[in-house]
Amino acid sequence: MGPYIIRRILYMIVVLLFVIAITFLIFFILPTADPAALRAGRSPTPETLKAIREQLGLNHSLPEQFWLYVKGLVLHFDFGNSFINDQDVRGLIFDRLPNTLFLITGAAILWFTFGVLIGTISAVKTGTFLDRATMTTALVAISAPVYWLGLVALYLFASDIGRFPILPGNGAYQDAHGFFAKIPTLILPWIVLASAFAAIYARLTRSNLIEVMSEDYVRTARAKGLTERRVVIRHGLRAAITPVVTILGLDLGILVGGAILTESVFGIPGVGRLAYDAIQRGDLATIQGTTLFLAFAVVFMNLLVDILYAFLDPRVRY
Amino acid sequence: MTRSTLRPLLASVVAALALVVAACGGSDSGSSTGSSSSGGGASASQETGGKQGGVLKQLGSTDVDYLDPGHTYYTAGYQVLYPTQRTLYSFKPDNSTDPVPDLAASKPEISSDLKTITVKIRPGVKFSPPVNRAVTSKDVKYAFERFFSANVGGQYASYFSSIEGAPSAPTKGVKPISGITTPDDQTIVFKLKEPQAVGVAAALVMPISAPVPEEYASKFDAKNPSTYNTHVVATGPYMVKNDAQGNTVGYQAGKSIDLVRNPNWDKSTDYRPAYLDEIQMTTNESDASIAAQQVLTGSHLALDTNPPAAQLKDAVTTKKGQFVQLPGGGYRYFPLNTTIKPLDNINVRKAIIAAFDRDAALKARGGKFTGDIPTHFLPPGIPGFEEAGGMAGPGYDFLKNPRGDMTVAANYMKKAGYPSGKYTGNAKLLLIAANADPGKAQAQVAKAQLEKLGFKIQFRTVPQDAVYTEYCQVPKKQVAICGSAGWFKDFTDPQSMLEVTFKGKNIAPDGGNNNLAQLNDPKVDAAMDKASTLQGDARIKAWADIDKQITADAPAVPFDWDKTTIIWSKDVNGVGNPYYDALDYSFTSLK
Amino acid sequence: MSAGAPELLTGAEEALSVEATGAEREITARSPTQLFWRRFRQDKLAMVALGFVILIVFVAILAPLIVKIVGTPNPQTTNADLTDDFGQPLGPRAGHPFGVDKLGRDVFSRTIYGSRVSLEVAFIATALIVLIGVTMGLLAGYYRGALDTLLTRAMDLLLAFPVLVLAIGIGVACSGKDGCAGGLIQPGLTVVIFVITLTTWPYMARIVRGQVLSLREKEFVEAAQSLGASDKRIIFKEILPNLVAPIIVYSTILIPQNILYEAALSFLGVGIDPSTPSWGAMIADATSIFKQAWWFMTFPGIALLVTVLAFNLVGDGLQDALNPRTSK
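Residues numbered from 1 in each chain as written. Chains lettered and ligands numbered in written order. Predicted model: local features only at pLDDT ≥ 70, side-chain atom pairs only at ≥ 80, totals over all residues. Heavy atoms only, no water.

### Regarding the interface of chain A and chain C
Right, on to step 1. Counting from both sides, the interface comprises 44 residues of chain A and, opposite them, 45 residues of chain C.
Right, on to step 2. Summed over the shared surface of chain A and chain C, the result is two salt bridges.
Right, on to step 3. Measuring nitrogen to oxygen at the nearest pair gives 2.3 Å for the salt bridge that ties C:Asp316 to A:Arg203.
Right, on to step 4. Here chain A is connected to chain C by eight residue pairs in polar contact (both at pLDDT 80 or more).
Right, on to step 5. Secondary structure elements with two or more residues in the side of chain A that touches chain C: α1 (2–29), α6 (129–143), α7 (146–157), α9 (179–213), α12 (260–266), α13 (271–281) and α14 (284–312) of chain A.
Right, on to step 6. Residue contributions to the side of chain A that touches chain C peak at eight residues, all from α1(A).
Right, on to step 7. Of the residues that constitute the side of chain A that touches chain C, the class distribution is 32 nonpolar, eight polar and four charged. (Contact = heavy atoms within 4.5 Å. Salt bridge = Lys/Arg side-chain N within 4 Å of Asp/Glu carboxyl O. Polar contact = N/O pair within 3.5 Å; in protein donor to acceptor, adjacent residues only side chain to side chain. Helix = DSSP H or I, 4+ residues; strand = E, 2+ residues; numbered from the N terminus. Nonpolar A, V, L, I, M, F, W, Y, C, P; charged D, E, K, R; others polar.)

This is the structure in structure tokens:
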């Protein structure tokens, strides 16, 4: 197990290095403003532009810039400074990370619980009207774009503008201070973000469980006289849920950056939004930092999930 | 939502010409004053007493560019700078044409050869904690010297390049400037290489002249970039909250700024009433309409910039006492690149302007409450505006109808050699637009207007910042029409409003070009050369004539004389400062 | 999970068809394809959804005709008279059943034409993804070795990149005056298709590779190899036919996913020319004023929902028809 983990970690580092390199490349074809020109005021002299470029480290060649960046990262855990306002990128990211994590973790708890619950019930009641109705509703939830759902939710329920004002709306998250105060402001975002995922997880759980339930050992358990409930939960679900858990891990990794749509609609200052704004402004340092961090989240969760899987499934041997 | 007001910068070519705003001893003869503010907060009542005390909260989505007086250049930065720093000269809210002495004790003394400026420093002005001592002329000298260092990065060096010893390129570290001398603690003398004193004296209103204590700041200025930005000390009635070491703890970049009273500010040395005890600014509001809504219906709030259309409508129609409209001091236009066929034909350009529904373009920005439809270029509030025809303008037929006039347009097209009245050629014109509203919306209007006349448009959207620096300002990119162009004042002088944008000699072929239409009319250039040497009324009349000439050359479609609307809650006595187009904290009070 | 040829053992009763031909009774087995269609046709919901899909395709093709019949103006026609003094659009009224947007353009027309963008992008992108993904997956899975390692690593790298960030980055990068890849990829639909294809093909490739890896070990492949069949023959005759089912299944998931993907990119302002009507872009435009102007968030949103749902239901039906074990 040990050598496997080490190999995977080394591999992860290689992947991340490639990510940095490719981000550099993409930046150079971005038609965004020359960051030096942006900071130089209007009608700057060539000398002023040169001085600013030096300050930002843009006068080095591409490979040099890459090397300097990696060096700063490894030695000082320094992500550089934003081109827009000189702010330390690491600070920017870690400032916003809790917001994103709060959003996706809450949503994940919601969707996992409901998804598995609904999926199990559907699997047990396969073929009934309830089953078909639930699965079709799930499909509707998957088919709706999350940002549209968000807008509709705000339009209907936001306390400041909604038709039935019951929950805090856009921007409320930022105004609330403190962990507990923020919870009500996240209810709408959680529901919106969780709905599509809950549907997916319900369907996944259902199909996994149905398959597992027709396995021999489940038949044996029934034959042994165990209650149906025990059979389903202790034998069926336990096996069916493993792949769902691994997918949960992967989804969380992706969602750190992928929640940008929900973050935009509800005004939650998250990491995804930071990356988006940075790309629009051509702020290379922040683009680098956020891309790297988000890639790390994905790769890290992948690794975690793989290790978890290896633990759970004794058949997997490395 | 961000209104990044870029401020015009005189090119070094222009710096060689004399600038007259307030000639020595004389008063400014500008007939159009800066007080064309309309709306609830009438300018006349702005200085008549308000309630002392209280905390004002301003909701905003734009952060200051910099707190450092040597570096800042944007509206957001100015709004914090002027209440916290005392520049040599400044503008009161009711008059943005005549500067008043602020840190200076009196008007600048200009020698008869126009090469020396002497300014007396007002005694009794002190730095805020932790510096705590009285301001001397040496602090102003240091402020100028650090401005030129690469570590600080001043953004309008060309205004002061005529000072003897002023560096021509950013210096490594702070270097002394021989032309600035301090014979005693209350006197500072600027010696110039050329007879530019009037212009340089006028530029002393800019943040560069805010004093900086060398013994405290030099250690920050030694770093590149300088860290004085997070250690600024103040001389005005307010300061950014800081700790005993001078760290600006009240400044949370991208989040908020907290301004508190400067304990060392002496009211008797200042014309500012400074009613408020504290100003809390947020700089990260994510939804402009929500913020605007909160301001209009809440208590002790103000908005940093123009509200979105819905709230603007609300304020203008139902909340008359809660807003003020300030002239933006600039014009927005669609430059027509005169070097690209068929735009090189003046009749084609006139046809385009004639056919253009400029009202629709203005609506894309929020309609008639966000600006007026121009009939020439000099905007309201700039001397020369009235002389060039005021709101009605010189009366050219192709600018007569703000909704566009297809008949007039067809006639011009026929004159240009297109008998059908529409363009029948093959040229595809490149139109570059910002990828966010309102730039995106207004560019789409432009596209539709051009297509009305039969032109084929290649429409490209790029990030906001790139529109100018990567495309419109780069002649090589051959942008036929720039979808987001505007030009705003640094201070109220007609030369700075027209020369950089329309003088043929100012075309910069390699980039950083601001003559976006690449207008190159030798008659206009000659008139500009002549007008720049004039003073007083003659000068204003000359530049107004140039404005008419430029308009007749049809280099662009002017569609907006910007107005800034500032809104506040009903228990706020808001006062706007038209110099930097934002709420003036030193004059605003609570009810 | 087997995605191979449907088991003939289950549903034995439908596997055989009994026909009376005169005096003799013939019992013939139905081919897998026939079985599949039979099952699909019996799924009423899926059939209705298929009807919808066909309807939407027709709407997209016949968009100009529909708009002409309803009498609303061209989707590109701006009209400043339909916005009030503050630039706010007016709502549904005679002549504009769905209202107008900020520039006075008719929302009904734009919603109808929006179907073109969604379908075009989704179909083309999916086709490309299948093409590239299957090719790469096949090559990697069959030949293994260095080729496999290289391809898998490349896929891993692409998959590690935060998808939306990569998409936005490339989208913005290629929106400049000349596009990118030497002008091959022009701003507009091409960029969006490029971005979607680039970020999605690894998923397809991975699945195909997995399938090929397991098929490779099966006896019939071994048999073919021992008979001296060339690689090419094996791939085309033995492996590819067995991939058809999972490819179809995954494609039916991909199409609606790509419709949503394109809408999300348009929502974020990437790629599409703003005057081209796209449902995602229309919803994005609505964000700033949906409290007052509910109509241009509603109609494109519903259009998106219905379209994606229809495709998803068809996809579901197809999957169930191919895999009766998980059917209802």
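### Some thoughts on the interface of chain B and chain A
Right, on to step 1. On the side of chain A, 27 residues touch chain B, which itself brings 35 residues to the contact.
Right, on to step 2. Across the interface of chain B and chain A, roughly 2600 Å² is buried in total on both sides, 45% from carbon and sulfur atoms.
Right, on to step 3. At the junction of chain B with chain A, the criterion picks out two salt bridges.
Right, on to step 4. Measuring nitrogen to oxygen at the nearest pair gives 3.9 Å for the salt bridge that ties A:Glu54 to B:Lys172.
Right, on to step 5. Counting across the interface, chain B meets chain A through one residue pair in polar contact (both at pLDDT 80 or more).
Right, on to step 6. Taken together, the elements giving at least two residues each to the side of chain B that touches chain A come down to α6 (288–297) and α12 (464–472) of chain B.
Right, on to step 7. Split by residue class, the side of chain B that touches chain A holds 17 nonpolar, 12 polar and six charged. (Buried area = accessible area lost by both parts, 1.4 Å probe.)

### Structural notes on helix α10 (residues 231–267) of chain C
Right, on to step 1. Its 37 residues give α10(C) an end-to-end C-alpha distance of only 46 Å, which falls more than 12% under 54 Å, the value for a rise of 1.5 Å per residue.
Right, on to step 2. C:Gly269 lies just past α10(C) and shows a positive phi near 85°. (Expected span 1.5 Å × (residues − 1).)

### What about the confidence of the model for chain A?
Right, on to step 1. When pLDDT is averaged along chain A, the result is 82, and 94% of the positions lie at 70 or above.
Right, on to step 2. The weakest mean pLDDT in chain A belongs to helix α2 (residues 35–39) of chain A at 71; the strongest belongs to helix α5 (residues 89–124) of chain A at 91. (pLDDT = per-residue confidence, 0-100.)

### A look at the side chain of B:Lys350
Residue and element names in this part refer to chain B.
Right, on to step 1. Mapped onto the fold, Lys-350 is located in helix α8 (residues 346–355).
Right, on to step 2. For Lys-350, which is buried and forms no salt bridge, the nearest opposite charge comes from Asp-397, at a distance of 6.4 Å.
Right, on to step 3. In this structure Lys-350 touches Phe-398, Tyr-412, Ala-552 and Ala-554, once residues within four positions along its chain are discounted. (Buried < 20%, exposed > 50% of the residue type's maximum accessible area, 1.4 Å probe, protein only. Lys, Arg positive; Asp, Glu negative; His and termini not counted.)

### Quick notes on the packing of aromatic side chains
Right, on to step 1. Tallied over the full model, the rule gives 46 aromatic pairs over all chains.
Right, on to step 2. With 6.4 Å between their ring centres and 75° between their planes, B:Tyr216 and B:Tyr228 make a pair best called edge-to-face. Of this pair, B:Tyr216 sits in helix α5 (residues 214–221) while B:Tyr228 sits in the loop between α5 and β8 (238–240), and the two are 12 residues apart along the sequence. Summarising the burial analysis for this pair, B:Tyr216 and B:Tyr228 share the class buried.
Right, on to step 3. Here a set of aromatic residues connected by ring pairs shows up, and it is made of B:Tyr73, B:Phe144, B:Phe147, B:Phe148, B:Tyr156, B:Tyr159, B:Phe160 and B:Phe190.
Right, on to step 4. The residue whose ring lies beneath A:Lys182 is A:Tyr173, and the NZ or CZ to ring-centre distance is 4.4 Å.
Right, on to step 5. In this structure, B:Lys447 packs its charged tip against the face of B:Phe459, placed 5.9 Å from the ring centre. (Phe/Tyr/Trp six-rings, centres within 6.5 Å; stacked < 30°, edge-to-face > 60°. Lys NZ or Arg CZ within 6 Å of the ring centre and 35° of its normal.)

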